[in-house]
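For reference, the chains in residue letters:
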Amino acid sequence: MPKKNQKAPLSHELDAAEFFTAIDLIEKEKGIPKGYMLEKITLALVSAYKKDHPEAGENVVVDANEEKGTVRMYLKKDVVETVDNPATEISLEDAQARLPQAMLGDVISMEIKTRDFGRIAAQTARQVIIQGMREAERGMIFDEFSSKEHEIITGLITRIDPRTGGASLRITSGSEWTEAYLAPGEQVKGETYIEGMRLKVYVVEVRRSTRGPQVLISRTHPGLVKRLFELEVPEIYDGTVEVKSISREAGSRTKLAVWSADPNVEPIGACVGPKGARVNNIVEELKGEKVDIIKWSEDPGEYVKAALAPADVVSVTTLSDGKSCRVVVPDDQLSLAIGKEGQNARLAAKLTGFKIDIKPVSAPDEPEEEEEDLIVEE
């Protein structure tokens, strides 16, 4: 009668072919360099052996030779006359039995058969390998997304927290992806987000954390508007037009100061585009947020005057401290210069970096505490 198939006995022998095939597969699927994984795995094998043989100390080495397709582990032992530590020393007689030309003081390498690994040792090796892969993946994700700091990236909303309204996004860059969290404070007031929605976000910062790279994203950061203009306006992207300053109250209004060294390029016109097409695309992406584009000037008076648009300005006087100015506007332009709840003046102050004191033409020298006056700091 034919014999029943018998299960092959379990072996801890390391299959070198499978070893290198696995490394190739990790490099192909995960993008983790072969050299990095080879180092981690050899360290894991040494760690596993030392787990069961702590007396071996630093005398354990692994030789992984991809060309020969072999993985061997050796225990280095000093040839001595009297053996005090069998784990690291060998007598001359025993050494010469293995290697006839051995002499006192030599160091010989004795191969350790991988079948000697116990269950705990094998488990230790596996854990170190997995940890090495995880660290490599995290490092690659960190490097990839660090290169995207201060850039716009598109993410897919995977979850909305029903309690806080915070949104989890899956963001992708190159071949890497990770999860990022759009906190309620980084969301534009009035915007509605739903699961499955694609959303452009600004990468504020990428940090290392115990759980892997942490990508901080925002929809309210002024940098989002700046990058949108770079994407939409070729003259900004190639440096012909420069964004000098930007101030933003997300969801409501943004002021952008632009300038060009090329006399043949009108910076505001370049940003607005034919029939307003360029700026309209940006406003649409910002869900209707108003955008004021003004021309930057080296002259503080001209700069502040432009920043207070759409209000007309009679005069701008720079004060002695160099950081403040007094602005006089027509009486009927006062509320426009100030803006709803002081927004226009506040954004102008942030844009220019000046403390702005706004007064009506009918009372330019009235005390600053008059109700119709407004002093705004950046």
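As the structure is a computational prediction, the values presented were derived from the model and not from experiment. (Residues numbered from 1 in each chain as written. Predicted model: local features only at pLDDT ≥ 70, side-chain atom pairs only at ≥ 80, totals over all residues. Heavy atoms only, no water.)

Draft legend 1. Representation of unusual backbone geometry in the model. Across the junction of A309 and P310, the peptide omega takes the value 15 degrees, indicating a cis bond. For P310, the location among the structural elements is in the loop between helix 9 (300–307) and strand 13 (315–318). Unusually for a residue other than glycine, K275 sits at a positive phi of about 55 degrees. Among the secondary structure elements, K275 is positioned in the loop between helix 7 (267–272) and helix 8 (277–285). Given a relative accessible area of 86%, K275 falls into the exposed group. The backbone of E341 shows a phi angle near 55 degrees, a positive value even though the residue is not glycine. Take E341: it is sitting in the loop between helix 10 (334–338) and helix 11 (343–352). (Helix = DSSP H or I, 4+ residues; strand = E, 2+ residues; numbered from the N terminus. Buried < 20%, exposed > 50% of the residue type's maximum accessible area, 1.4 Å probe, protein only.)

Draft legend 2. The arrangement of the packing of helix 9 against helix 11 in detail. Taken N-terminus to C-terminus, the directions of helix 9 and helix 11 make an angle of 145 degrees; their axes are 9 Å apart at the nearest point. Viewed along their axes, helix 9 and helix 11 form a crossing whose handedness is right-handed. Contact residues: Y303, V304 and A307 in helix 9; A348, L351 and T352 in helix 11. Looking at side-chain class alone, the contact of helix 9 with helix 11 contains five nonpolar, one polar and no charged residues. (Axes fitted to C-alpha atoms, helices over the stretch in contact; angles between N-to-C directions. Left-handed = near helix turned anticlockwise from the far one by under 90°. Contact = heavy atoms within 4.5 Å. Nonpolar A, V, L, I, M, F, W, Y, C, P; charged D, E, K, R; others polar.)

Draft legend 3. Seen up close, the packing of aromatic side chains. Evaluation of the coordinates by the stated rule reveals two aromatic pairs. Here the aromatic rings of W259 and W296 are separated by 6.0 Å at their centres, their planes lie at 80 degrees, and the arrangement is edge-to-face. Of this pair, W259 sits in strand 11 (residues 253–260) while W296 sits in the loop between strand 12 (290–295) and helix 9; the two residues are 37 residues apart in sequence, bridging distant segments of the chain. Looking at W259, the relative accessible area reads 29%, which means it is partly exposed. Plain terms: the ring middles of W296 and Y303 are 6.3 Å apart, the flat faces sit at 65 degrees to each other, and that makes the pair edge-to-face. (Phe/Tyr/Trp six-rings, centres within 6.5 Å; stacked < 30°, edge-to-face > 60°.)

Draft legend 4. Examining the layout of surface pockets more closely. Within this model, the second largest pocket holds a volume of roughly 340 Å³. Considering the residues around the second largest pocket, the lining is formed by 15 residues, among which E137, I141, E176, W177 and T178 are closest to the centre. Of all the secondary-structure elements, those providing two or more residues to the lining of the second largest pocket are helix 1 (16–30), helix 4 (119–146) and strand 7 (176–182). In the lining of the second largest pocket, the residues fall into four nonpolar, four polar and seven charged. (1 Å grid on protein atoms, 1.4 Å probe; cavity = no way out; pocket = protein on both sides within 12 Å on 5 of 7 lines; lining within 4 Å. Points joined across faces, edges and corners; volume = space filled by probe spheres on them.)

Draft legend 5. Here's a closer look at the nonpolar core. Ranked by size, the top nonpolar core spans 21 residues in total, and within it V304, L308, V327, V329, I356 and I358 carry the most contacts. Elements supplying a minimum of two residues to this core: helix 9, strand 14 (324–329), helix 10, helix 11 and strand 15 (355–360). Examining the composition of this core, we find that four residues originate from one element, helix 11, more than from any other. Of all hydrophobic cores here, the second largest spans 20 residues; its members include I152, F229, L256 and V258. (Core = buried A, V, L, I, M, F, W, Y, C linked by side-chain atoms within 4.5 Å.)

Draft legend 6. View of the side chain of S91. Here S91 shows up in strand 3 (residues 89–91). Assessed through its relative accessible area of 16%, S91 is described here as buried. Side-chain polar atoms of S91 contact the backbone nitrogen of D94, separated by 3.2 Å. (Polar contact = N/O pair within 3.5 Å; in protein donor to acceptor, adjacent residues only side chain to side chain.)

Draft legend 7. The arrangement of the environment of K113 in detail. Tracing the backbone through its elements, the reader meets K113 in the loop between strand 4 (107–112) and helix 4. Separated by 39 residues in the primary sequence, K113 and Y74 place their C-alpha atoms 8.6 Å from one another.

Draft legend 8. Quick look at the pattern of salt bridges. All chains considered together, the criterion is met by 17 salt bridges. Note that R72 and E111 form a salt bridge whose closest N and O atoms lie 3.3 Å from each other. In this pair, R72 sits in strand 2 (residues 70–80) while E111 sits in strand 4, placing the two residues 39 residues apart along the sequence. For the salt bridge of D292 with R253, the shortest nitrogen-to-oxygen distance reads 2.7 Å. Of the two residues, D292 sits in strand 12 while R253 sits in strand 11, which places them 39 residues apart along the sequence. The exposure class assigned to D292 is buried, which follows from its relative accessible area of 15%. (Salt bridge = Lys/Arg side-chain N within 4 Å of Asp/Glu carboxyl O.)

Draft legend 9. Structural view of the side chain of R253. The buried category is assigned to R253, whose relative accessible area is 16%. Among residues more than four places away in sequence, those in contact with R253 are S247, R248, E289, K290, D292, P310, Q343, N344 and L347.

Draft legend 10. Summary view of the packing of helix 5 (residues 222–232) against helix 8. For the pair helix 5 and helix 8, interaxial distance at closest approach is 10 Å and the crossing angle is 140 degrees. Considering their axes alone, helix 5 and helix 8 lie oblique with respect to each other. Note that helix 5 runs across helix 8; the crossing there is right-handed. Across the interface between the two elements, L228, F229 and E232 from helix 5 touch R278, V279, N281, I282 and E285 from helix 8. For the contact of helix 5 with helix 8, the per-class residue count stands at four nonpolar, one polar and three charged. (Parallel < 35°, antiparallel > 145°, perpendicular 65-115°, else oblique.)

Draft legend 11. Local environment of the sheet that holds strand 10 (residues 241–249). Pairing within the open sheet is mixed, and its three strands lie in the order 10-11-12. In this open sheet, the two edge strands, each paired with only one partner strand, are strand 10 and strand 12. The average angle at which neighbouring strand axes cross in this sheet is 20 degrees, direction not considered. Here strand 10 runs beside strand 11; their pairing, made up of eight bridges, is antiparallel. Within strand 11, the position partnered with E242 by the bridge is W259. The sheet contacts of helix 5 involve strand 10, strand 11 and strand 12, and relative to strand 10 the element is tilted by about 145 degrees. Its contacts with the sheet put helix 11 on strand 10, strand 11 and strand 12, and the angle it makes with strand 10 is roughly 135 degrees. (Pairing = 2+ DSSP bridges.)

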